[in-house]
Number of protein chains: 2
Amino acid sequence: MGFWKTWFSTSESTATTKTAAFEEISAEAKSNSSPNSDASGTARIVFSTERDIDLYELEELCDAVGWSRRPLRKVKKAIEHSFLVASMWQVRGNQRRLIGFARATSDHAFNATIWDVVVHPDFQGKGLGKALMKYVLKKLRSEEISNVTLFADPHVVNFYQTMGFMADPEGIKGMFWYPH
Amino acid sequence: MGFWKTWFSTSESTATTKTAAFEEISAEAKSNSSPNSDASGTARIVFSTERDIDLYELEELCDAVGWSRRPLRKVKKAIEHSFLVASMWQVRGNQRRLIGFARATSDHAFNATIWDVVVHPDFQGKGLGKALMKYVLKKLRSEEISNVTLFADPHVVNFYQTMGFMADPEGIKGMFWYPH
């Protein structure tokens, strides 16, 4: 079980100091997103770990990618009990628009599992999904999480592979159980 | 550990209540475990969601199945921040022995992920792993969790399939990322 060992024994990593809730995007993704900047170049993409998200705005984002609606009461609870809540915003002057979201559950020590990764269709294909995931991974690393997992739909397996995720490493299978 | 006091002062014929942290095993698994009962038949298998587990006893259990050791500080943190902590005990008179363990992370709303499922080698092959998993699933269902996931090593994929878990449903892939 060399694979499990790899991350079970990865115990200590450098803790980084807590940064501001909002952070501007990396230069790389910023340039990719430039078609969305206005003529004066004032539109920016920022990230946040702030979990006080407008649930209706989040629902709108999820609607835009065709996800099934979920009871807001449960979405609220899930956000409250997620280890990490990451959001991506387009900011133009004093206006901001929620354009991406992801969250992770965790035991705060070894494992984190990323759920609900979404980028608004208007902002897809610009490297913003990658930028959002980089932000999420950076945050999880800063919390000493040594094993980051997720469950990828078939059409995004390649995307996550380019981010360094491995499918079924050493034959380890992601498995699901649903109540009957 | 006040509950132990309660439990030990309870007569064997007393039915367990829903709220009790300790629950006796189902008849099915009990009969499977009979080879471990002493001549007078007083050895019993009980389950608990009590998270005040002796970390050295847990380490001993994990050692017995050959897992890599993990810093106890992190194990403690992981247990504190798990949504569910399930343990399985052999009880003989006023002696108890930790023979199984599992835990789950969760967002308390939609998803739970089961980690660290372990049954002591002396107690494997008696249906106790299945009993432990049934206990875990029952607990998760009672909390309205609608999606239970785990990552299974190749040699236990079949075991989880018999429990109703599906590998890669609709092509959804379990993926891993760990710091370089």
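Summarised in this report is the structure supplied together with it. Just so it is clear, the model here is predicted, and its values are computed rather than measured. (Residues numbered from 1 in each chain as written. Chains lettered and ligands numbered in written order. Predicted model: local features only at pLDDT ≥ 70, side-chain atom pairs only at ≥ 80, totals over all residues. Heavy atoms only, no water.)

### Observations concerning the packing of aromatic side chains
Basically, it comes down to this: Stacked, edge-to-face and tilted are the three classes for Phe, Tyr and Trp ring pairs, Trp counted by its six-membered ring, which pair at centre distances within 6.5 Å; planes under 30 degrees apart are stacked, over 60 edge-to-face, the rest tilted. Remark: a charge is flagged as sitting over a ring if the NZ atom of Lys or the CZ atom of Arg is within 6 Å of the ring centre and within 35 degrees of the ring normal.
With the rule as written, the count across this model stands at 13 aromatic pairs over all chains. Above the face of the Phe 110 of chain B ring, Arg 70 of chain A is positioned so that its terminal group lies 4.6 Å from the ring centre. Above the ring of Trp 89 of chain A, the side-chain terminus of Arg 96 of chain A is found at 4.0 Å from the ring centroid.

### Quick notes on the pattern of salt bridges
Where charged atoms of side chains with opposite charge meet at close range, the side chains can pair. Using the following cut-off: Between Lys or Arg on one side and Asp or Glu on the other, a salt bridge is scored when a side-chain nitrogen of the former is within 4 Å of a carboxyl oxygen of the latter. Relative accessibility decides the category of a residue: with a 1.4 Å probe and only protein chains considered, values under 20% of the type maximum give buried, values over 50% give exposed, and everything between is partly exposed. By the criteria applied, helices consist of DSSP H or I runs no shorter than four residues and strands consist of E runs no shorter than two, each listed in order from the N terminus.
Within this structure, the stated rule accounts for 18 salt bridges over all chains. A salt bridge links Asp 63 of chain A to Arg 69 of chain A, with the shortest nitrogen-to-oxygen separation between them at 2.5 Å. We classify Asp 63 of chain A as partly exposed; its relative accessible area is 30%. For Arg 97 of chain B, the salt bridge is made with Asp 122 of chain B, and the minimal N-O distance between the two is 3.3 Å. With a gap of 25 residues between them, Arg 97 of chain B in strand β4 (residues 95–106) and Asp 122 of chain B in the loop between β5 (111–119) and α5 (128–142) connect regions that are remote in the sequence. Within this structure, Arg 70, Arg 103 and Asp 116 of chain A together with Asp 107 of chain B form a network of salt bridges that share partners.

### Remarks on the relation of the copies chain A and chain B
The cut-off we apply is this: To superpose the copies, least squares is applied to the C-alpha atoms of every residue with a pLDDT of at least 70 in both.
Expressed as a screw transformation, the operator carrying chain A onto chain B has a rotation angle of 180° and an axial translation of 0.0 Å, and the superposed copies differ by an RMSD of 0.1 Å. Here the two chains are linked by the operation of a two-fold rotation axis. Taking C-alpha positions as the reference, the residue of chain A nearest the rotation axis is Gly 174 of chain A, at 2.0 Å.

### Examining helix α5 (residues 128–142) of chain A
Each turn of an α-helix holds 3.6 residues, which means side chains three or four residues apart point in the same direction. Residues and elements named next belong to chain A. Test applied: By definition here, a helix of n residues has an expected span of 1.5 Å times n minus one.
Taking 1.5 Å per residue as the helical rise, α5 with its 15 residues ought to reach 21 Å, and the 21 Å between its terminal C-alpha atoms agrees with that figure. Judged by how many residues are buried, α5 sits mostly within the fold: eleven of 15 residues are covered. Taken residue by residue, α5 has Leu 128, Gly 129, Ala 131, Leu 132, Met 133, Tyr 135, Val 136, Leu 137, Lys 139, Leu 140 and Ser 142 as its buried positions. Within two residues after α5, Glu 144 carries a phi angle of roughly 65°, on the positive side.

### Quick word on the interface of chain A and chain B
Put simply, the rule is: Contacts: residue pairs with any heavy atoms within 4.5 Å of one another. Two parts lose some accessible area (1.4 Å probe) when they are put together, and adding that loss for both gives the buried area.
On the chain B side, the residues contacting the 61 residues of chain A number 55 residues. Between chain A and chain B, roughly 5600 Å² of surface is buried when both sides are summed, and carbon and sulfur atoms account for 62% of that area. A per-residue breakdown of the area chain A buries against chain B is headed by Met 175, Phe 176 and Trp 177 of chain A, which together make up 16% of the total. In this structure, the connection of chain A to chain B is made through four salt bridges. Here Asp 168 of chain B makes a salt bridge to Lys 173 of chain A, at a shortest N to O gap of 2.5 Å.

### Re the side chain of Glu 59 of chain A
Within the fold, Glu 59 of chain A resides in helix α3 (residues 55–64). The residues contacting Glu 59 of chain A, other than those within four sequence positions of it, are Arg 69, Arg 70 and Leu 72 of chain A.

### Quick notes on the packing of α3 of chain A against helix α4 (residues 72–80) of chain A
All names here are of chain A. What counts, and what does not: Between N-to-C directions, angles span 0 to 180 degrees; the directions come from axes that are lines fitted to C-alpha atoms, helices contributing only their stretch in contact. Orientation labels follow simple angle bins: below 35 degrees gives roughly parallel, above 145 gives roughly antiparallel, 65 to 115 gives roughly perpendicular, and whatever is left gives oblique.
The contact between α3 and α4 brings their axes to 11 Å, and the two run at 100°. Viewed along their axes, α3 and α4 adopt a mutual orientation that is roughly perpendicular. Residue-level contacts link Leu 55, Tyr 56, Leu 58 and Glu 59 of α3 to Leu 72, Val 75, Lys 76 and Ile 79 of α4.

### Focus: the environment of Gln 124 of chain A
Residues and elements named next belong to chain A. The residue Gln 124 is located in the loop between β5 (111–119) and α5 in this model. Separated by 36 residues in the primary sequence, Gln 124 and Met 88 place their C-alpha atoms 12 Å from one another. Contact partners of Gln 124, with chain neighbours within four places excluded, come to Val 65 and Val 119.

### Remarks on the side chain of Asn 147 of chain B
By the secondary structure assignment, Asn 147 of chain B is in strand β6 (residues 147–152). By relative accessible area, Asn 147 of chain B is classed as buried at 10%. Residues within four places of Asn 147 of chain B in sequence aside, it is in contact with Trp 115, Phe 176, Trp 177 and Tyr 178 of chain A together with Phe 110, Asn 111 and Ala 112 of chain B.

### Some thoughts on the pairing of β6 of chain B
Threshold: Strands qualify as paired when DSSP identifies two bridges or more between them. Looking down the strands as they point away from the viewer, one classifies a crossover as right-handed if the path from the first strand across the helix to the second runs clockwise.
With six of six residues buried, β6 of chain B lies mostly within the body of the structure. Judged by which residues are buried, β6 of chain B turns out to be covered on both faces: Asn 147, Thr 149 and Phe 151 of chain B on one side and Val 148, Leu 150 and Ala 152 of chain B on the other are all buried. Pairing of strand β8 (residues 173–177) of chain A with β6 of chain B, which is carried by five bridges, proceeds in the antiparallel orientation. Residue pairing in the sheet places Gly 174 of chain A in a bridge with Phe 151 of chain B of β6 of chain B. As judged from the four bridges shared by β5 of chain B and β6 of chain B, these two strands associate in the parallel manner. Bridged to Ala 112 of chain B within β6 of chain B is Val 148 of chain B. Remark: the β5 of chain B/α5 of chain B/β6 of chain B crossover connection has right-handed handedness.

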